[in-house]
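# Examining the three-dimensional arrangement
Residue-level listing of the chains:
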Amino acid sequence: MNHSDLPFLRKRAGRSKIYWYYERDDRRTPLPAPDAPDFLQQYVMAKRGGHKPKGSERTFKLLILEYRRSPRWQRLAFRSKVDYDKVLVWAEDTFGDLRPENMERRHVIRAQAENAARMRFANYIVQVLSVLFEQAIDLGWITHNPAKGIRLLKSKSDSMHRPWPDAMIYAFTEAAPFGSVPRTVFELAIGTGQRIGDVLRMCWDHIEDDGITVKQGKTGTRLWLPFTPRLRAYLEALPRVGATIATGPHGKALNYQGAAQPIMVVRRKIGAVAYTIHGWRYTAASHLAAAGATDEELQAITGHKSRAMVVKYAGAQRQRARAVSAQAKREIG
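We now turn to the structure provided with this report.

About the thresholds
Residues numbered from 1 in each chain as written. Predicted model: local features only at pLDDT ≥ 70, side-chain atom pairs only at ≥ 80, totals over all residues. Heavy atoms only, no water. Helix = DSSP H or I, 4+ residues; strand = E, 2+ residues; numbered from the N terminus. Buried < 20%, exposed > 50% of the residue type's maximum accessible area, 1.4 Å probe, protein only. Contact = heavy atoms within 4.5 Å. Areas by Shrake-Rupley, 256 points an atom, 1.4 Å probe, with all protein chains shown as cover. Arc of directions from axis to C-beta. Pairing = 2+ DSSP bridges. Patch = residues over 30% accessible without salt bridge, like charges linked within 9 Å, V, L, I, M, F, W, Y side chains within 5 Å. Salt bridge = Lys/Arg side-chain N within 4 Å of Asp/Glu carboxyl O. Lys, Arg positive; Asp, Glu negative; His and termini not counted. Charge placed at Lys NZ, Arg CZ, Asp CG, Glu CD. Axes fitted to C-alpha atoms, helices over the stretch in contact; angles between N-to-C directions. Core = buried A, V, L, I, M, F, W, Y, C linked by side-chain atoms within 4.5 Å.

Here the focus is the overall build of the protein chain. For the protein chain, the helix and strand inventory stands at 14 helices and 6 strands. Here the protein chain holds 333 residues, and 41% of them are scored as buried. In the protein chain, 58% of the contacts between residues at least 6 apart in sequence involve partners at least 24 apart. Put simply, the protein chain shows about 19600 Å² of open surface, and 53% of that area lies on carbon and sulfur atoms.

Turning our eyes to something else, we now look at helix 10 (residues 229-237). For helix 10, the complete set of buried residues consists of Leu231, Tyr234 and Leu235. Around the axis of helix 10, the buried residues are gathered within 95 degrees of arc, so they sit on the same side. Those residues of helix 10 that are exposed and aimed more than 90 degrees away from the buried face are Pro229 and Glu236. Contact partners of the buried residues in helix 10: helix 8 (181-192) and strand 4 (207-208).

Residues Leu223 and Leu225 line the buried face of strand 6 (residues 222-226), whereas the alternating positions Arg222, Trp224 and Pro226 sit on a face that is not buried. Alignment of strand 5 (residues 211-215) against strand 6, held across 5 bridges, turns out to be antiparallel. Counterpart to Gly211 in the pairing with strand 6 is Pro226. Once strand 5 ends, the chain turns through 6 residues before running back antiparallel as strand 6, passing Gly220 with a positive phi of about 80 degrees.

Time to look at the sheet that holds strand 4. Strand pairing in a sheet relies on backbone hydrogen bonds. The paired strands run either parallel or antiparallel. Read from one edge of the open sheet, 3 strands run 4-5-6, paired in antiparallel fashion. Edge positions in the sheet fall to strand 4 and strand 6, since each of these pairs with one other strand and no more.

A few words on a positive patch on the surface. Together, Arg24, Arg27, Lys47 and Arg48 line one region of the surface with positive charge. Here Arg27 shows up in strand 3 (residues 27-31).

Pairing within the open sheet is antiparallel, and its 3 strands lie in the order 1-2-3. Whereas interior strands pair on both sides, the edge strands pair on one side only; in this sheet they are strand 1 (9-13) and strand 3. Neighbour-to-neighbour, the strand axes of the sheet open up by a mean angle of 35 degrees, direction not taken into account. Summarising the sheet, strand 1 and strand 2 (residues 18-24) pair through 5 bridges and their orientation is antiparallel.

The next thing to look at is the nonpolar core. Trp164, Phe172, Val185, Leu188, Leu235, Ile245 and Trp280 are the most contacted members of the largest nonpolar core, which totals 38 residues. Counting residues per element, the ones that place at least two in this core are helix 7 (166-175), helix 8, helix 9 (196-200), strand 5, strand 6, helix 10 and helix 11 (256-270). Phe172 has contacts with Trp164, Pro182, Arg183, Phe186, Ile263, Val266, Arg267, Ile270 and Trp280, leaving out every residue within four places of it along the chain. Ranked by size, the runner-up nonpolar core spans 29 residues in total, among them Leu63, Phe121, Val131 and Ala147.

Structural data, given as structure tokens:
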């Protein structure tokens, strides 16, 4: 059948393209071109008044659409939206016409396992599907979340994200000259406890009231961070050669690679390849914990919303402090 001969299908010529509509009475519904793959589906929907056929409403495709319209999506930081979007596109291609109510925990685990070669993506599958199921619960489509509580995959590198020991911190500062990219990024990271991306975006005009204001790229959380004596002294002596505090040649802002490569040169030089840049965030948290900071104070500085993450960052230092205290009591007793 020639689709262009269908009843109530109308063609309108624009300046640079042809527009197609379903027109009946006073109602006009835009349609794709007759040779488009989904033309007949869209035509039938238009004929029925724009409603999908009964039984197909509650699909993953529609759930994803509802999620993108929801406050959950709107509240996400830009970086998170980029990461989530990759999974949403995958989910729509994989589950598009399936109904969320038929999804079981084993299906989520299987999807994670099938993508294990891309571990970060595989874990995002679990996280994003869990968010989608929460959206479906709110819509009244389902009553439980089959992705909730599924363990995320871990790599050997996870164990590398640990605080740098004092000896390694000293070696790094000795090997990285004052004012160099590695040294400045290092001082900002251990002085503020922020992620490397947020450190690289810190600007001189963000400094106020003996601290610095940061908007975290991952969470969108806005923080004011007081300077440690060490960081204050470093910044007071550091020349201002660009808008950002850490700069590359000619005062230009740094991207991740521009910072990570020279930092790796220093890490290799001092034998710190086993310690990661992200470990500086753990270093800052462990120093705060050692100084007696409470969970609430740690959360205020690191920007973590979960106490579990604070325990992850500072728990080892606190356990050590408790062990030292217990040993001292035994020796006194």
